[in-house]
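# Overview (structure and organization)
So the chains spell out like this:
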Amino acid sequence: CIVSGLAEGCDTIAHQSCLEAGKPTAAILAHGLDTIFPHINNSLASKILEGNGCLISEYVFGTPPTKYNFVARDRIQAGVSIAGLLLQSTASGGSMHAIRKLYKLNRKIVTIIPKTKPGISGGWGGNLIASKELLADTIPLGATDESHLRQIEMQLCMIKQERCKLKQLGLW
């Protein structure tokens, strides 16, 4: 199951990929369940529910999306996740809220690092912070998309193995 925020871009692709694979997905919302934001994802939200996924919100009906709600929502995303994958973020990007929460919860973090090693101030600054300060496992951008997918699959297998160990110990 992929947990994400139903935002345009990577979130949308993650939710759609789960549905196409016949897997459930969970969308954590920064507003009441009576609306979908962004509105372009109305049909995707319906498909998530039809595909045995769920929409989760701590807000009552009629609560509009605000910038503060999006930050608060990220703690729920982290809380229900066993790991996080940071694709790309600036140092102050919204994704960093969830990544920092995952770190505080001692959850696995995986991030992608470009070959060029840009500075913290660039579009990859959040990824560099995650890899250095938050001890994320890194996946260097390689020559082919297929090699990236294999690296991500290996990281996901490691996460599943860790979860199985925790279950055996009665800690999950």
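Residues numbered from 1 in each chain as written. Predicted model: local features only at pLDDT ≥ 70, side-chain atom pairs only at ≥ 80, totals over all residues. Heavy atoms only, no water.

### Description of unusual backbone geometry
The peptide bond linking F37 to P38 adopts the cis configuration, its omega dihedral lying at 0°. Among the structural elements, P38 can be located in the loop between β2 (25–28) and α2 (42–50). Although it is not a glycine, L6 sits at a positive phi angle of roughly 65°. A relative accessible area of 0% means that L6 is categorised as buried. Despite not being glycine, N52 shows a phi value in the positive range, around 65°. Residue class for N52 comes out exposed when judged on its relative accessible area of 69%. (Helix = DSSP H or I, 4+ residues; strand = E, 2+ residues; numbered from the N terminus. Buried < 20%, exposed > 50% of the residue type's maximum accessible area, 1.4 Å probe, protein only.)

### Details of the packing of helix α1 (residues 10–20) against α2
Packing of α1 against α2 brings their axes to within 10 Å, and their N-to-C directions diverge by 35°. Viewed along their axes, α1 and α2 form a crossing whose handedness is left-handed. Contacts from T12, H15, Q16 and L19 in α1 reach L44, K47 and I48 in α2. (Axes fitted to C-alpha atoms, helices over the stretch in contact; angles between N-to-C directions. Left-handed = near helix turned anticlockwise from the far one by under 90°. Contact = heavy atoms within 4.5 Å.)

### Quick notes on the side chain of R73
Secondary-structure assignment places R73 in helix α3 (residues 67–79). Look at R73 and you get buried, because its relative accessible area is 9%. Apart from residues lying up to four places away in sequence, R73 is in contact with G5, I28, L29 and A30.

### As for the state of the cysteines
Summed over all chains, the structure comprises 0 disulfides. Summary of cysteine pairing: C18 is not part of a disulfide, and the nearest cysteine sulfur, belonging to C1, is at 6.2 Å. According to the relative accessible area criterion, C18 is buried, its value standing at 7%. Of the cysteine sulfurs around C54, a residue in no disulfide, the closest is that of C1, at 6.5 Å. (Disulfide = S-S within 2.5 Å.)

### Some details on the packing of helix α4 (residues 95–104) against helix α5 (residues 125–132)
Across the interface, α4 lies against α5 with an axial gap of 11 Å and an inter-helix angle of 5°. One way to sum up the angle between α4 and α5 is to call them roughly parallel. Here M96, I99 and R100 of α4 lie close against α5, whose contacting residues are G126, I129 and A130. Of the residues assigned to the contact of α4 with α5, the class counts are 4 nonpolar, 1 polar and 1 charged. (Parallel < 35°, antiparallel > 145°, perpendicular 65-115°, else oblique. Nonpolar A, V, L, I, M, F, W, Y, C, P; charged D, E, K, R; others polar.)

### Focus on the environment of E58
By the secondary structure assignment, E58 is in the loop between β3 (54–56) and α3. The exposure class of E58 is partly exposed, given its relative accessible area of 39%. Linking E58 and R73, residues 15 residues apart in sequence, is a C-alpha distance of 8.2 Å. In contact with E58, not counting residues within four places along its chain, are A72, R75 and I76. Within polar-contact distance, the side chain of E58 engages the side chain of R75 at 2.9 Å. (Polar contact = N/O pair within 3.5 Å; in protein donor to acceptor, adjacent residues only side chain to side chain.)

### Section: the sheet that holds strand β1 (residues 2–4)
The strands making up a sheet associate through hydrogen bonds between their backbones, and the pairing can be parallel or antiparallel. As summarised here, the arrangement of the 3 strands in space is β1-β2-β3, forming an open sheet in which the pairing is parallel. The outermost strands of the open sheet, each flanked by one partner alone, are β1 and β3. When strand polarity is set aside, the average angle formed by the axes of neighbouring strands in this sheet is 20°. Sheet analysis places β1 next to β2, joined by 3 bridges and oriented parallel. Its bridge partner being in β2, V3 is matched across the sheet by A26. Packed on one face of the sheet, α2 meets β2 and β3 and runs near 115° to β3. (Pairing = 2+ DSSP bridges.)

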